[in-house]
Amino acid sequence: MLRFISERLIQSAVVLAVMSFVIFGLIGLMPGDPVDLMISADPDLTSADVAKLREIYGLDRPVAERYGNWLLAVLQGDFGFSRLFAKPVFDILGPALGNTLMLLGISLTLALCIGLPLGIWAAVRPYSVRDYSVNLFAFAGISVPSFWLGLLLIILFAVILGWLPAGGLGTPGMDGWSDKLIYLVLPAASLTLASVGGHTRYMRASMLETLRQDYIRTARAKGLSERRVVLGHALRNALIPVTTIIALDFGTLFSGALITETIFAYPGMGKLTYDAVMGNDFNLALVCLLLATLVTLVGNILADLAYAWLDPRIGFEGKRQ
Amino acid sequence: MSDAAATAAATPLALVTRRFLRHRLALISAGVLVVLAAASLLAPVVEGWLGLDANAVDLFNRLAAPSAAHPLGTDEAGRDVLLRLLYGGRVSLFVGIAAALTAAVLGTTVGLLSGYFGGRLDALFMRLTDGVIALPLLPLLIVLAAIDLQKLGFSAEAAQAENMSLYRIVAIVALVGWTTVARLVRATALSLRERPFVLAARAQGASSCRIMTVHILPNLASPIIVATTLSVGNVILLESVLSFLGLGIQPPLPSWGNLLTNAQELIWDAPALAVYPGLAIFVTVIAFNFVGDGLQDALDPRSLERGKR
């Protein structure tokens, strides 16, 4: 098992390293460079000044060399300076990451608490009216554009009813949890609704598959109540693939929060990424993208681990014993 | 499937059609899609009927309520909302279908080469696929959409051409969206490679290229068709998100996504503007998902039988 984990860690580190280079190259292709931005800020710069500035910033060097310098700095804990926020990149990440994790934690918990029972409830009576309605709901959930859902929630609860704020993190001048919580309701609801459909479908499919197993027939033949068969015998096994998919999806959820955060002006990682790219804040954009890649990779490793840990028939080499 | 076809004495295609027709939601969805596509394609005709110009700005008639002249009212510049919606549909549907097809071609090529030749090529392609899957999709798309095409060697004219945002979004979505098809195709090609009919073809001296295209590819049709249909919906969602964020289709070219950008700014004055484009996206995406689901049941009868047991 240790070997499996270390192998996966090395593999992911390689992917991350390759990705950091690719992302570095891509960001270099975005319009403008730091010196262009200085030129637009100070029209008095001569072309000699510009050439000199480019040299100072190392922008006249090939990509590989610039990347090497950046990597060296990063390995020493220096992620550079954010142009947009005029702060070291590292100081901005902390609060944004905290906000995003809080939003994701709430939405994921809600989505699981709704999606999993709903999926089980539908799978117990396949091809009934109940199953069809749940299916319809789940299909609607995966098909709805999450930003539109956010807009509709704003229209209903902020514009028409006026119950909740349309965006932000808190009322200026007001502290305390209750105020923060009010601002979390709409983003969390929007993110929950956007992901609950997927969870419902996974759970239903997995439960349907499990209920067809021989040991379920045995359990029924023993005369167990349907409730004990489903919740006592089937559920544990049906949850295995669902757990894996949830871990795999975490990366998608993390970067998908970008839309919700942008619409509700919620200062998390997603909005930070968007603002950094739009504002030509190269250092910040680079680190945001790498962090999102890291989260996806960690999710993948956790998925593999959970799979092997929950199902003893599956070894850590990924083969059935 | 060949067994079932023999007992029912019907061609496989007839069987597939019959099974698809039984899937009521998929059938309704297919109808809805045909209507939507036809309406979008006929946008210029509707323009003629209503006697309007989709791009005509009428500042005396801003944010008008629905009327006989403007069935869905007008937007912040006095343009007809219905016409903008239809022209937006053209763009969104084109991007969805074009990007899904491009991704399917790319994925099929990678998967076929990988599964058929195996070995080092397979290892290389599959690591590449794993790498692309591990990428954070949305942030990456945002960076790709923000790239300065002039730095890639396009001329300033080409980079600023009106339709460039259209081709660019098709290209970048296809660039990250081919992995599902590649994995499916590789897995099937891997098992088909050892089947007697492929061995027979090889024994007769068929080239690798011929075996792949003539003998293996037709057997891959069903998974590719299902995966591509399902991905059209996803592509339309991605396009609308990017356009909504101002990075996809650039105004004045309307798309369902960028129509919503304006709507968000006007959400306090004209909330209705935010409803129609989103509804159009929602209906289209759910219809593609139902059709994909129906095709899956129709093309892979085992999945249905397993479910019914």
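Going along each chain's sequence as written, the residues are numbered from 1 onward. Chains carry letters and ligands carry numbers; both start at the beginning, A for chains and 1 for ligands, and go up in the order they are written. The model is predicted, so local features are restricted to residues of pLDDT at least 70 and side-chain atom pairs to those at 80 or more, both for listing and for counting; the totals for chains, interfaces and linings are taken over all residues. Only heavy atoms go into the side-chain values, all of them from the structure, while hydrogens and water stay out.

**Examining the overall build of chain A**
The secondary structure content of chain A amounts to 12 helices and 2 strands. For helices the rule is a DSSP run of H or I covering at least 4 residues; for strands it is a run of E covering at least 2, with both sets numbered from the N terminus onward. Reading the helices (α) and strands (β) of chain A from amino to carboxyl end gives α-α-α-α-β-β-α-α-α-α-α-α-α-α. The principal-axis extent of the C-alpha atoms belonging to chain A is close to 90 × 55 × 35 Å. Taking as baseline every contact in chain A between residues at least 6 positions apart, the subset at least 24 positions apart corresponds to 70%. Split by element, the accessible area of chain A, about 16,100 Å² in all, is 66% carbon and sulfur. His residues and chain termini do not enter the charge count, which takes Lys and Arg as positive and Asp and Glu as negative. To locate a charge, the coordinates of NZ of Lys, CZ of Arg, CG of Asp or CD of Glu are taken. One way to put it: in chain A the 24 positive side-chain charges average out to a point 18 Å from where the 24 negative ones average out. Contacts are assigned to residue pairs that have any heavy atoms within 4.5 Å of one another. Using a 1.4 Å probe, the Shrake-Rupley method yields the accessible areas, and only the shown protein chains count as cover for residues.

**Things to note about the overall build of chain B**
In terms of regular secondary structure, chain B is built from 16 helices and 0 strands. Within chain B, contacts between residues separated by at least 24 positions form 69% of all contacts whose residues are at least 6 apart in sequence. Accessible surface, chain B as shown: approximately 14,600 Å² in total, 65% of it carbon and sulfur.

**What to know about the packing of aromatic side chains**
Here a Phe, Tyr or Trp ring, Trp counted by its six-membered ring, pairs with any other such ring whose centre lies within 6.5 Å, and the pair is stacked when the planes are under 30 degrees apart, edge-to-face when over 60, and tilted otherwise. Evaluation of the coordinates by the stated rule reveals 9 aromatic pairs over all chains. Where F21 of chain A meets Y67 of chain A, the ring centres are 5.0 Å apart and the plane angle is 80°; that geometry is what we call edge-to-face. In this pair, F21 of chain A is assigned in helix α1 (residues 2–28) and Y67 of chain A in helix α4 (residues 63–75), connecting sequence segments 46 residues apart. Think of it in three bands: residues with accessible area under 20% of the maximum for their type are buried, residues over 50% are exposed, and the middle band is partly exposed, with areas taken using a 1.4 Å probe on protein chains only. Under the relative-accessibility criterion, F21 of chain A is labelled partly exposed at 38%. Residue class for Y67 of chain A comes out buried when judged on its relative accessible area of 11%. Their ring planes at 25° and their centres at 4.5 Å tell us that F147 of chain A and F244 of chain B sit as a pair that is stacked. A residue pair is termed interchain when its members come from two chains, as with F147 of chain A in helix α7 (residues 146–160) and F244 of chain B in helix α13 (residues 221–244). Taken together, the ring pairs connect F21, F24, Y67 and W70 of chain A into an aromatic cluster. Note that R201 of chain A overlies the ring of F139 of chain A, its terminal NZ or CZ placed 4.7 Å from the centroid. Put simply, a charge is over a ring when the Lys NZ or the Arg CZ is close to the ring centre, within 6 Å, and near the line of the ring normal, within 35 degrees.

**Notes on the interface of chain B and chain A**
Listed as interface residues are 42 residues of chain B and, on the opposing side, 42 residues of chain A. When the two sides are added together, the surface that chain B and chain A hide from each other amounts to roughly 4,000 Å², 80% of it contributed by carbon and sulfur. Here, a salt bridge means any side-chain nitrogen of Lys or Arg that lies within 4 Å of a carboxyl oxygen of Asp or Glu. Summed over the shared surface of chain B and chain A, the number is 0 salt bridges. Under this definition, polar contacts are N or O atom pairs within 3.5 Å; protein pairs additionally need one hydrogen-donor-capable and one acceptor-capable atom, and for neighbouring residues in sequence, both atoms have to be side-chain atoms. Our count for the chain B to chain A interface comes out at 4 residue pairs in polar contact (both at pLDDT 80 or more). The set of elements that each furnish at least two residues to the side of chain B that touches chain A consists of α7 (137–146), α13, α14 (256–265), α15 (275–299) and α16 (301–308) of chain B. It is α15 of chain B that provides the largest number of residues to the side of chain B that touches chain A, a total of 10 residues. Here the residues of the side of chain B that touches chain A are counted per class, giving 32 nonpolar, 5 polar and 5 charged. Once two parts are joined, some of their accessible surface, as seen by a 1.4 Å probe, is lost; buried area is that loss totalled over both. Three classes are used: nonpolar for Ala, Val, Leu, Ile, Met, Phe, Trp, Tyr, Cys and Pro, charged for Asp, Glu, Lys and Arg, and polar for all others, with Gly counted as polar.

**Observations regarding the domain arrangement of chain A**
Residue and element names in this part refer to chain A. In terms of domains, chain A is made up of domain 1 (2–88) and domain 2 (95–314). In this assembly, 26 residues from domain 1 lie in contact with 22 residues from domain 2. Buried surface at the junction of domain 1 and domain 2, both sides included, amounts to about 2,100 Å², of which 77% is carbon and sulfur. Applying the counting rule to domain 1 against domain 2 returns 1 salt bridge. Its salt-bridge partner being R8, residue D304 comes within 2.0 Å of it at the nearest N-O pair. Domains are outlined according to an automatic or database domain assignment.

**Overview of the side chain of R8 of chain A**
Its place among the elements puts R8 of chain A in helix α1. Ignoring any residue separated from it by four or fewer positions in sequence, one finds R8 of chain A in contact with N300, I301 and D304 of chain A.

**Some details on empty space enclosed by the protein**
Residue and element names in this part refer to chain B. Note on definitions: the grid is 1 Å and covers protein atoms alone; a cavity is a set of points where a 1.4 Å probe fits but cannot get out; a pocket is an open set with protein on both sides within 12 Å along at least five of seven lines; lining residues have an atom within 4 Å of a point. Grid points are joined across faces, edges and corners, and a volume is the space filled by probe spheres set on the points. Summed over the entire model, instances satisfying the criterion amount to 2 cavities of 30 Å³ or more. As a volume, the largest cavity reaches approximately 120 Å³. Lining of the largest cavity is provided by 10 residues; of these, D75, V81, L259, L273 and P277 occupy positions nearest its centre. In terms of residue class, the lining of the largest cavity is made up of 6 nonpolar, 1 polar and 3 charged.

**Considerations on the pattern of salt bridges**
All names here are of chain A. Enumeration over the complete set of coordinates arrives at 11 salt bridges over all chains. Notably, a salt bridge pairs R220 with E226, separated by 2.8 Å at the nearest N-O pair. On the accessibility criterion, R220 (36% relative accessible area) is partly exposed. The residue D275 makes a salt bridge to K271 at a minimum N-O spacing of 2.9 Å. On the criterion of helical spacing, the pair formed by D275 and K271 is a turn pair, its members being 4 residues apart in helix α11 (residues 269–278). Classification of D275 as partly exposed rests on a relative accessible area of 23%.

**Side note on the confidence of the model for chain B**
All names here are of chain B. For chain B, the average pLDDT comes to 82, and 86% of its residues sit at 70 or higher. For chain B, helix α1 (residues 2–8) is the element with the lowest average pLDDT, namely 48, and helix α5 (residues 81–117) is the one with the highest, namely 91. Note on scores: pLDDT gives the predictor's confidence for each residue, bounded by 0 and 100. Across residues 304–309, where pLDDT falls below 50, the model places 6 contacts with residues more than four positions away in sequence or in other chains. As scored by the predictor, the complex reaches a pTM of 0.84 and an ipTM of 0.82.

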